[in-house]
Amino acid sequence: MSLGQRVSSDHQLTRLLQIGVVLEELVESRAAHHIESLPPDERAEFDEEVEELLAEAATESADHRERLEALIDDLEAETVGYEEINALVDAQYGPPEDTDGVLYDQLANEETAYKFYDDLIEAIEASESEFAVDRERLLETLYSIREEEKEGVEEVTEVMEQRA
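Everything numeric here is computed off the predicted structure, so don't read it as measured data.

A.B. asks: Before we go on, may I ask you to explain the overall build of the chain in this structure?
C.D. replies: Counting secondary structure elements, the chain contains six helices and zero strands. From first element to last, N terminus to C terminus, the chain shows the α and β order α-α-α-α-α-α. Restricting to contacts in the chain with at least 6 residues of sequence separation, those with at least 24 account for 83%. By element, 45% of the accessible surface of the chain is carried by carbon and sulfur atoms, the whole surface being about 8,800 Å².

A.B. asks: Would you explain the nonpolar core in this entry?
C.D. replies: What tends to happen in soluble globular proteins is that the nonpolar side chains get buried as a cluster. Core analysis: the biggest nonpolar cluster contains 23 residues, and Val7, Leu13, Leu17, Leu120, Ile124, Leu138 and Leu142 have the highest contact counts within it. For this core, the secondary structure elements donating two or more residues are α1 (10-37), α3 (48-74), α5 (99-125) and α6 (135-163). Here this core takes seven residues from α5, the largest share from any one element. Discounting chain neighbours no more than four positions away, the residues touching Leu13 are Val7, Leu75, Ile124, Phe131, Val133 and Leu138.

A.B. asks: Mind showing me how you'd approach a negative patch on the surface here?
C.D. replies: Side chains of Glu48, Glu49, Glu51, Glu52, Glu56, Glu147, Glu151, Glu154, Glu155, Glu158 and Glu161 sit close together on the surface and give a patch of like negative charge. Of all elements in the fold, only α3 and α6 reach the threshold of two or more residues within the negative patch. Per element, the largest residue contribution to the negative patch is six residues, and it comes from α6. Secondary-structure assignment places Glu48 in helix α3.

A.B. asks: Where do I start with the packing of α3 against α6 in this structure?
C.D. replies: Each packed pair of helices is defined by two parameters, the angle between the axes and the distance between the axes. Two numbers describe how α3 lies on α6: the axes approach to 11 Å, and their chain directions differ by 165 degrees. Of the possible angle classes, the one that applies to α3 and α6 is roughly antiparallel. Where α3 crosses over α6, the handedness of that crossing is left-handed. Across the contact of α3 with α6, the residue classes break down as ten nonpolar, four polar and eleven charged.

A.B. asks: Would you take a moment to explain the packing of aromatic side chains for this structure?
C.D. replies: Applying the stated criterion to the full structure yields one aromatic pair. Look at Phe116 and Tyr117: their rings are 5.2 Å apart centre to centre, the planes differ by 75 degrees, and that puts the pair in the edge-to-face class. Taking relative accessible area as the criterion, Phe116 reaches 12% and is therefore assigned buried. In this structure Tyr117 comes out as buried when scored by relative accessible area, which is 0%.

A.B. asks: Whenever I open this one, the packing of α3 against α5 confuses me. Can you help?
C.D. replies: One can describe the packing of α3 onto α5 by two numbers: an axis separation of 12 Å at closest approach and a directional angle of 25 degrees. Accordingly, the angle class assigned to the pair α3 and α5 is roughly parallel. The element α3 and its partner α5 pack so that their crossing is left-handed. Mapping the contact onto sequence places Val50, Leu53, Leu54, Ala57, Glu60 and Leu68 in α3 and Thr99, Val102, Leu103, Gln106, Glu110 and Tyr117 in α5. When the residues that make up the contact of α3 with α5 are grouped by side-chain class, the tally is eight nonpolar, two polar and two charged.

A.B. asks: Would you explain the pattern of salt bridges in this entry?
C.D. replies: Between side chains of opposite charge, a pair can form as their charged atoms come close. In this structure the tally under the stated criterion is seven salt bridges. When the shortest N-O distance is used, the salt bridge between Arg67 and Glu148 registers 3.3 Å. Within this pair, whereas Arg67 is found in helix α3, its partner Glu148 is found in helix α6, the two being separated by 81 residues in sequence. A salt bridge links Asp118 to Arg146; the shortest N-O distance between them is 2.8 Å. Residue Asp118 is located in helix α5, and its partner Arg146 is located in helix α6; the two are separated by 28 residues in the primary sequence. Assessed through its relative accessible area of 22%, Arg146 is described here as partly exposed. Beyond isolated ion pairs, a larger network of salt bridges with shared partners links Asp63, Arg67 and Glu148.

Rules behind the numbers
Residues numbered from 1 in each chain as written. Predicted model: local features only at pLDDT ≥ 70, side-chain atom pairs only at ≥ 80, totals over all residues. Heavy atoms only, no water. Helix = DSSP H or I, 4+ residues; strand = E, 2+ residues; numbered from the N terminus. Contact = heavy atoms within 4.5 Å. Areas by Shrake-Rupley, 256 points an atom, 1.4 Å probe, with all protein chains shown as cover. Core = buried A, V, L, I, M, F, W, Y, C linked by side-chain atoms within 4.5 Å. Buried < 20%, exposed > 50% of the residue type's maximum accessible area, 1.4 Å probe, protein only. Patch = residues over 30% accessible without salt bridge, like charges linked within 9 Å, V, L, I, M, F, W, Y side chains within 5 Å. Salt bridge = Lys/Arg side-chain N within 4 Å of Asp/Glu carboxyl O. Lys, Arg positive; Asp, Glu negative; His and termini not counted. Charge placed at Lys NZ, Arg CZ, Asp CG, Glu CD. Axes fitted to C-alpha atoms, helices over the stretch in contact; angles between N-to-C directions. Parallel < 35°, antiparallel > 145°, perpendicular 65-115°, else oblique. Left-handed = near helix turned anticlockwise from the far one by under 90°. Nonpolar A, V, L, I, M, F, W, Y, C, P; charged D, E, K, R; others polar. Phe/Tyr/Trp six-rings, centres within 6.5 Å; stacked < 30°, edge-to-face > 60°.

Here it is, written out as structure tokens:
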């Protein structure tokens, strides 16, 4: 389903929110794995600021996941468990080769999440459908998450600029 169209049913909304949960689980898992995955010679360059940035990203994604799951619960649906996504991340994604790779990966994660929520909000706002979840609460939650993703993009960009 393209986000270029309106969200017209609870089923579509649920699927999109579930995609958001998987996206957040992916970001959370990758951020948590980055520090552990760097080669020993790169860990020396891995400063506290980058480590803190990744820890905040993992915590923020966990919070976003929980907020999305609450909306999905109101729609009487289920989500994919974090453990399942974490296992896929372990199996599918190789570690970045250096600290710059970690930062570029984190920036891509933040930008992808921001764009997803921006498109989702636009698709919901374009819709005249009524949903089983309160529309105002739904949009307020998504606005808040989108804003936090935007701040994440800005934080990663700032760290990258300081390191240049």
